[in-house]
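A closer look at the structure
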Amino acid sequence: MPSVTDRYDPLDPEVLRDPYPVLAELRQREPVFWHVGMDSWALTRYADSVRVLRDHATFARDPRRTGGTVPEPSLSVQTLDPPQQSQVRSLFMTALRAQDLTAIEERARRLVLERLDVLAGGGPFDVVAELAVPLSVAVVADLLGVEPPPYGEFAAVSDAIMRSMDGGLNPALVEPGRIARQQLSDLVDSWFAASARPGLLARVRQAAAPGGDAAARLYVKNTARVMFQGGYSTMAAAVGNAVHTLLIHPGVLDRLRDRALLATGVDELVRFDGPVQGTTRTAVRACRIGGVEIAAGQKVVTLFAAANRDPAAFARADELVLDRTPNPHLGYGWGPHSCIGTTVAQAGLRALVAALSDHRAHLAAADDGVRRRTATMRAFDTLPAALLHR
Ligand code: HEM
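A brief structural summary. Predicted model, so just to flag it, every value in this text is computed and none were measured.

Parameters at a glance
Residues numbered from 1 in each chain as written. Predicted model: local features only at pLDDT ≥ 70, side-chain atom pairs only at ≥ 80, totals over all residues. Heavy atoms only, no water. Near = heavy atom within 4 Å. Polar contact = N/O pair within 3.5 Å; in protein donor to acceptor, adjacent residues only side chain to side chain. Helix = DSSP H or I, 4+ residues; strand = E, 2+ residues; numbered from the N terminus. Nonpolar A, V, L, I, M, F, W, Y, C, P; charged D, E, K, R; others polar. Donors = N, O, S within 2.8 Å, 3.2 Å for Na, K, Ca; no water. Salt bridge = Lys/Arg side-chain N within 4 Å of Asp/Glu carboxyl O. Pairing = 2+ DSSP bridges. Axes fitted to C-alpha atoms, helices over the stretch in contact; angles between N-to-C directions. Parallel < 35°, antiparallel > 145°, perpendicular 65-115°, else oblique. Left-handed = near helix turned anticlockwise from the far one by under 90°. Contact = heavy atoms within 4.5 Å. Core = buried A, V, L, I, M, F, W, Y, C linked by side-chain atoms within 4.5 Å. Buried < 20%, exposed > 50% of the residue type's maximum accessible area, 1.4 Å probe, protein only. Phe/Tyr/Trp six-rings, centres within 6.5 Å; stacked < 30°, edge-to-face > 60°. Lys NZ or Arg CZ within 6 Å of the ring centre and 35° of its normal.

1. Here we look at the site of the ligand
- What surrounds the ligand is a group of 27 residues, the closest being Arg61, Arg89, Thr279, His337 and Cys339.
- One of the side-chain N or O atoms of Arg61 is found 2.4 Å from an oxygen atom in the ligand.
- A distance of 2.8 Å separates an oxygen atom of the ligand from a polar atom in the side chain of Arg89.
- Put simply, the parts of the chain that give the shell around the ligand at least two residues each are α5 (84-97), α7 (127-144), α11 (214-248) and β5 (278-283).
- Counting residues per element, the shell around the ligand draws most heavily on α11, which supplies five residues.
- A per-class count over the shell around the ligand returns 14 nonpolar, 10 polar and three charged.

2. Some words on the coordination of the iron atom of the ligand
- Just one protein ligand coordinates the iron atom of the ligand, and it is Cys339 (SG) at 2.3 Å.
- Mapping Cys339 onto the fold places it in the loop between α14 (304-307) and α15 (342-358).

3. Some words on the pattern of salt bridges
- Within the structure shown, the criterion is met by 27 salt bridges.
- Of the charged contacts in the structure, one is a salt bridge between Glu147 and Arg197, with a shortest N-O distance of 3.1 Å. Residue Glu147 is found in the loop between α7 and α8 (151-164), and its partner Arg197 is found in the loop between α9 (174-193) and α10 (200-204); the two are separated by 50 residues along the sequence.
- Between Glu268 and Arg324 there is a salt bridge, with its nearest N and O atoms 3.0 Å apart. Here Glu268, found in helix α13 (residues 259-273), pairs with Arg324, found in the loop between α14 and α15; they are 56 residues apart in sequence, far enough to count as distant.
- Salt bridges here are not isolated pairs; linked through shared partners, they connect Glu106, Arg109, Arg110, Arg259 and Asp358.

4. What about the pairing of strand β12 (residues 384-389)?
- Note that strand β4 (residues 125-126) and β12 share two bridges and pair antiparallel. When the bridges of β12 are listed, Phe125 appears paired with Ala385.
- Relative to β12, strand β9 (residues 361-365) runs antiparallel, the two being bridged by five bridges. Considered in β12, the bridge of Ala361 is made with His389.

5. Regarding the packing of α8 against α9
- The contact between α8 and α9 brings their axes to 8 Å, and the two run at 135°. On the basis of the axis angle, α8 is oblique to α9. Pair α8 / α9 crosses with left-handed handedness. Contact residues: Phe154, Val157, Ala160, Ile161 and Ser164 in α8; Val174, Pro176, Gly177, Ala180, Arg181, Gln183 and Leu184 in α9.
- Taken together, the residues of the contact of α8 with α9 break down into eight nonpolar, three polar and one charged.

6. Some points on the nonpolar core
- Of all hydrophobic cores here, the largest spans 84 residues; its most connected members are Phe92, Leu143, Val243, Val353 and Leu363.
- Sorting elements by how many residues they give to this core places α11 first, with 14 residues.
- If we skip the residues at most four places from it in the chain, Leu363 touches Phe125, Val243, Leu247, Leu253, Leu356, Ala385, Ala386 and Leu387.

7. A few points about the sheet that holds β9
- The strand order across the open sheet built from three strands is β4-β12-β9, with neighbouring strands paired in antiparallel fashion. Strands at the two margins of the open sheet, each flanked by one partner only, are β4 and β9.

8. Here we look at the packing of helix α6 (residues 101-119) against α7
- α7 packs onto α6 with a crossing angle of 155° between their chain directions and a minimal axis gap of 10 Å. The orientation of α6 relative to α7 falls into the category roughly antiparallel. The two elements α6 and α7 cross, and the hand of that crossing is right-handed. Contacts from Leu101, Ile104, Arg107, Ala108, Leu111, Val112, Arg115, Leu116 and Leu119 in α6 reach Glu130, Leu131, Pro134, Leu135, Ala138, Val139, Asp142 and Leu143 in α7.
- Each residue belonging to the contact of α6 with α7 can be placed in one class, and the counts come to 13 nonpolar, no polar and four charged.

9. Structural notes on the side chain of Asn327
- Topologically, Asn327 is positioned in the loop between α14 and α15.
- The exposure class assigned to Asn327 is buried, which follows from its relative accessible area of 13%.
- In this structure the side chain of Asn327 is engaged in a polar contact, spanning 3.1 Å, whose partner is the side chain of Glu268.

10. Description of the side chain of Asp81
- Along the chain, Asp81 falls in the loop between β3 (59-60) and α5.
- At 3.0 Å, the side chain of Asp81 and the backbone nitrogen of Asp62 are in polar contact.

11. Let's talk about the packing of aromatic side chains
- If you walk through the whole model with that rule in mind, you get six aromatic pairs.
- Ring geometry for Trp34 against Trp41: centres 5.3 Å apart, planes inclined by 75°, an arrangement best described as edge-to-face.
- One aromatic cluster is present, built from ring pairs that chain together Phe154, Trp191, Phe228 and Tyr232.
- The lysine or arginine in question, Arg271, covers the ring of Phe314, its NZ or CZ lying 5.3 Å from the ring centre.
- Lying over the aromatic face of Phe380, Arg371 brings its terminal NZ or CZ to 3.8 Å of the ring centre.

12. Quick look at the sheet that holds β3
- Overall, mixed pairing links the five strands, which are arranged β1-β2-β8-β5-β3 in an open sheet. Since the sheet does not close on itself, it has two edges, and those belong to β1 (32-35) and β3, each with one partner.
- Looking at chain direction, β5 and strand β8 (residues 299-303) are connected through five bridges and run antiparallel. For Gly278, the partnering residue across the bridge sits in β8 and is Leu303.
- Contacts from helix α4 (residues 46-54) reach β1, β2 (40-43), β3, β5 and β8, with the element oriented near 125° to β8.

That's the geometry; what it means functionally is another story.
Laid out in structure tokens, this is it:
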């Protein structure tokens, strides 16, 4: 029988269906293990992951700190490290805080209700195409202050980029990802060239104006692209996972009609089965994690999905606890690279759950759905459901 570390294949159909049993076994038996496919150390304990994500001096995100290169289009808040990253990160955080998230949430809720009205009584539909994609495109476009691109076309470009995040496991995905990134860059350039609508882009536009610092201009444009595409794709995956969790836990949607539970409830949905399965850093110097020697230059993957079910960090870790407080899960990351869009994502998820629980029709599963064959992002390709009369 192969060891548990050899059995951990994130693309195995059984692991895609339910990764939590094998992650729990790994956390118990070998919490820090070498994964050949990922060419990295993999961490399954909450405390080890937090330590790595906090300590950016030892664990680099920017590949240039460990002798690698970064193509220009990829230089953004996501690939730079402090102190270089700090300025662009705070520019976007400040611009985001100036947006009216209550209004964005209300528009999103109305959009979901309108779609539910159309879908109710019409037979099974795909939650991904009919709810997750439109809601997520609309929310990030609203935040940035741009015209939403056509849903289907944008979803295809974004999917190519999302799949290329698994380029380490499958190099054939890298080139389509590069082409899609270029298409998206052209779209973002057109937004910067167009006249300003109110929104986040209008706030950061000045920093990307011609004549300013060329490096800053590049970082701002690339970060705007990451906000749009990364925000959209993660949000869409989160919506699919959240709806799936609601479908397989009867009664939860009804309980979430209690608005006091909504805010903690949507955070718990992300802890319980979030979209981002992990992230990678590279050790800039030799160190030890959980008694294991990590050599300088070796990669370390923090497996959020494992950390978020770690019983050392969460009581009743495998249960959905709607009023869990505090809930310091890693679904939005941790430390200097944690999610910039957390409050927007929370608003979008509240809008979704509020609309689903308020609607006169009752949401029911129509099929198990098809999990996407991606390791970094946990998502559905399709998730059939039906809206039945109550
Ligand atoms: C439920 C939806 C979302 C989840 C679960 C999520 C999760 C995450 C996670 C785990 C990270 C950290 C990755 C790492 O450390 O490598 C991250 C980073 C990021 N997220 Fe999100 N995200 C969501 C939605 C959004 C939205 C809607 C936006 C923007 C509108 C956004 C913008 C970003 C950006 C810009 C970063 C990079 C931050 C940095 O590297 O400094 N995210 N997100």
